[in-house]
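# Structural characterization, general
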Amino acid sequence: MTPLENHPSPELLYLLHGDPAELQEALQGLRAADIAEALRGLQPDAASKLMAALPFDLAVQVFDEPELEGHRCSVIQHMDEEPAAALIEAMSSDQQADLFRELPNHERPRFLKRLEPSTRDALTLLLKYPPETAGGIMTTEFVSMPETWTVQQALDYISKVGRAKETVYTIYLVDPDQRTLVQVVSLRDLMLADRSQRVNAVGNRRKPLAVPPTMDREEVARLISKYNLLAIPVVDDGNHVLGIVTVDDVIDAIVRESTEDVQKFGGMEALDEPYSEISFGKMIRKRAGWLCALFLSEMLTATAMQHFEGEIQRAVVLSMFIPLVMSSGGNSGSQATSLIIRALALREIRLGDWWRIAARELPTGLTLGSILGVIGLVRIELWQHLHLYDYGPHHILVAFTVGAALVGIVAFGSLAGSMLPFLLKRIGFDPASASAPFVATLVDVTGLIIYFSVAFLILRGTLL
C-alpha cells in the first residue's frame, strides 16, 4: 500500500476546511506535496477556500510545491486579494514571475497593488525576460556584499538576512563603489576562514562564471551541470548582478524543455498546460495543425503509388511488401533523428559536425539495411519452400528485390533522419520539430521511389 492511500481525499479536506481543529487533525502527518496533490483534485473555488483555511506557513509550503504547477493561477484568482497577496509575497521571485505570466493582464493590477514596492520592482524586472531565458527563470533573492567586508561581518549579515533568501550557500562579492561582480565565495569557505580576514581573500580568486539574462535556459543548465554549481549569477552588460539561477530552477527548466521536446517529437505543438487541465479546444488546436501537415505530406505517398500503378498491376506481389519497406525506412530515420536531436541538446555534437555524422550514418544505414534485407530475403524464400505462400516462378528475384530495396531505403532513412535536425537548426527552427512522424512521411515517399526503381532494375524482362 502506498502512503497516499492512507491520506484524506480532496473532498474530505474541503469538507473539513470550516473546522480548524478537524482540518488540523486530518493534515497531521501529511507533507506539503501531498496536500498540493489533493488540491489539484478540487475545483479552483474549493481549492482556494481550503488554501485560505490552512496555517499560513503550511499554505506557503503547499503553494511552492511543483504538484500545484498549472493550478496556482486559478487558485489565486478565486482567493481574496489580501490572503492571496500574502501568499505571493512569500513565494520566491522566480515563482512569482511564473505566476504573473499565467495571470490574465486584467487580473495583474488587482494583486500588484497589494504587494510591497520591492516585490513589484523585482517582478517588473523578471517579466521583462521570456520564460525560456536565464532572466526569465532567475531569482532576485541572493546574498551579495562589498568585497571589503570581513568574514565576521559577512557571517553576521548572512544570519540576519538568510531566511529571506533563496540560497545562502553562494555569496556574491561586489565592488563597493561600482556594484559590479568581483568574486564568488561559498558559505563553506567563509565558515572555515579566519573571522578577521577580508572576504575577498577567501576561496578562489579566479573570475566568476556568469551569464547574460538573454541566455537560453538550456545553455544555463549545461553550464551549471558542467561546472557542478549550486547557482550561477545573471549579470547585465555592466557586470551588475541582476539575479541568480539556482540548480532547482534549472531542474524545473530541464523538465519543461524535455516535455516540450517529447511533445514536438510526437508530431504536435508543445502544450503549455498539464494534459489533464488543457481545454478541449486548445488540445485540438495544438494537435490539428501538425496532423493536417503530416496528412498533406502523406498524400505524396499516394501520388508516388499512382506513378507506379502500372508496375503494381503487372507485379501485384510487390504491393505486399510496400508496408514492410516503408516502415523499415521510417523506423531507421526515426532512430537516427532521436539520436541526433539528443546529441545536439547535450552539446555532444555541433552544427559544423554534420559531415562527420553523415559519414558515420551512411555506412551504419547500409549495414542495418543489409541485416534487414537478409531477413526479408530469407523470410520470402522460407515461406516459398514451406508452401506457406506462392510468390510465383520468379520468387528468388522478388526476394532479391525486397532485400536490395531494404538496403537502400534503410540507408536513406538513416541519412535523412540524421541530417534533418541539422537542417532545421541551420534555418532557425527547433531540431525537436523533426518529429518521428515527419521523418517517417519523408522516408515513405522516397522509399517507394527506391523500392520500385530497384524492382524495375531486377525484375525487368520477367515480371516487369
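Structural data are supplied above this passage.
Each value, and the rule that gives it
Residues numbered from 1 in each chain as written. Predicted model: local features only at pLDDT ≥ 70, side-chain atom pairs only at ≥ 80, totals over all residues. Heavy atoms only, no water. Helix = DSSP H or I, 4+ residues; strand = E, 2+ residues; numbered from the N terminus. Buried < 20%, exposed > 50% of the residue type's maximum accessible area, 1.4 Å probe, protein only. Contact = heavy atoms within 4.5 Å. Areas by Shrake-Rupley, 256 points an atom, 1.4 Å probe, with all protein chains shown as cover. Pairing = 2+ DSSP bridges. Axes fitted to C-alpha atoms, helices over the stretch in contact; angles between N-to-C directions. Core = buried A, V, L, I, M, F, W, Y, C linked by side-chain atoms within 4.5 Å. Parallel < 35°, antiparallel > 145°, perpendicular 65-115°, else oblique. Left-handed = near helix turned anticlockwise from the far one by under 90°. Nonpolar A, V, L, I, M, F, W, Y, C, P; charged D, E, K, R; others polar. Salt bridge = Lys/Arg side-chain N within 4 Å of Asp/Glu carboxyl O. Phe/Tyr/Trp six-rings, centres within 6.5 Å; stacked < 30°, edge-to-face > 60°. Lys NZ or Arg CZ within 6 Å of the ring centre and 35° of its normal. Polar contact = N/O pair within 3.5 Å; in protein donor to acceptor, adjacent residues only side chain to side chain.

Each helix and strand counted, the protein chain has 21 helices and five strands in total. When burial is assessed residue by residue, the protein chain has 45% of its 464 residues classed as buried. Counted over contacts in the protein chain with a minimum sequence separation of 6, partners at least 24 positions apart contribute 66%. Summing over all exposed atoms, the protein chain offers an accessible surface of approximately 24,200 Å²; the carbon and sulfur share of this is 58%.

Strand order in this open sheet of three strands is E1-E2-E3, and the pairing throughout is mixed. Where the open sheet ends on each side, the last strands, each with one partner, are strand E1 (143-146) and strand E3 (181-186). Along the sheet, successive strands turn relative to each other by an average axial angle of 30°, direction set aside. For E1 and strand E2 (residues 170-174), the ladder comprises four bridges, and the chain directions are parallel. Bridged to Met145 within E2 is Leu173. Packed on one face of the sheet, helix H12 (residues 151-161) meets E1 and E2 and runs near 150° to E1.

So, on to the nonpolar core. Nonpolar side chains tend to gather and get buried jointly when the protein is soluble and globular. Of all hydrophobic cores here, the largest spans 50 residues; its most connected members are Met51, Val62, Phe63, Val220 and Val245. Sort the elements by how many residues they give to this core and helix H5 (residues 56-64) lands first, with five residues. Setting aside residues no more than four positions away along its own chain, Val62 makes contact with Ala32, Ile35, Ala36, Leu39, Met51, Leu54 and Leu68. Among the nonpolar cores identified, the runner-up in size contains 27 residues, and Val325, Met326, Ala399 and Val443 belong to it.

Let's shift gears to the packing of helix H19 (residues 354-385) against helix H20 (residues 395-426). At a closest axis distance of 7 Å, the pairing of H19 and H20 adopts a crossing angle of 155°. Viewed along their axes, H19 and H20 adopt a mutual orientation that is roughly antiparallel. Considering only the axes of H19 and H20, their crossing is right-handed. Residues belonging to the contact of H19 with H20 are distributed by class as follows: 21 nonpolar, ten polar and two charged.

It is worth spelling out the pattern of salt bridges at this point. Under the criterion given, the structure shown has six salt bridges. With its nearest N and O atoms 3.9 Å apart, the salt bridge here joins Glu81 to Lys113. With Glu81 in helix H7 (residues 81-90) and Lys113 in the loop between helix H9 (108-112) and helix H10 (117-126), this pair connects stretches of sequence that are 32 residues apart. Here Arg110 and Glu107 are joined by a salt bridge, their closest N and O atoms 2.9 Å apart. Residue class for Arg110 comes out partly exposed when judged on its relative accessible area of 23%. Classification of Glu107 as buried rests on a relative accessible area of 14%. A cluster of three or more residues bridged by salt bridges with shared partners is formed by Glu81, Lys113 and Arg114.

With that out of the way, let us pick up the packing of helix H18 (residues 322-345) against H20. Between two packed helices, what matters for the description is the angle formed by their axes and the separation of those axes. As a packed pair, H18 and H20 sit with axes 7 Å apart at the nearest point and diverge in direction by 30°. The angle between H18 and H20 places the two elements in the roughly parallel class. The element H18 and its partner H20 pack so that their crossing is right-handed. Contact residues: Leu324, Val325, Ser328, Gly329, Ser332, Gly333, Ala336, Thr337, Ile340, Ile341 and Leu344 in H18; Val402, Leu406, Ile409, Val410, Gly413, Ser414, Gly417, Ser418, Pro421, Phe422 and Lys425 in H20. Classifying every residue of the contact of H18 with H20 gives twelve nonpolar, nine polar and one charged.

Enumeration according to the criterion identifies five aromatic pairs in this entry. Taking 5.8 Å as the distance between ring centres and 35° as the angle between the ring planes, the aromatic pair formed by Phe321 and Tyr391 counts as tilted. In this pair, Phe321 sits in the loop between helix H17 (309-314) and H18 while Tyr391 sits in the loop between H19 and H20, placing the two residues 70 residues apart along the sequence. As far as burial versus exposure is concerned, Phe321 and Tyr391 are alike and both buried. Here the aromatic residues Phe321, Tyr389 and Tyr391 are joined through ring pairs into a cluster of three or more. Here the basic side chain of Arg379 rests over the ring of Trp383, its NZ or CZ set 4.4 Å away from the ring centre.

This paragraph deals with the environment of Gln153. Tracing the backbone shows Gln153 in helix H12. Side-chain polar atoms of Gln153 contact the backbone nitrogen of Thr150, separated by 3.0 Å.

With that settled, consider the side chain of Thr401. By secondary structure assignment, the location of Thr401 is in helix H20. Taking relative accessible area as the criterion, Thr401 reaches 0% and is therefore assigned buried. The residues touching Thr401, leaving out its near neighbours within four places in the chain, are Leu318, Tyr451, Val454, Ala455, Ile458 and Leu459.

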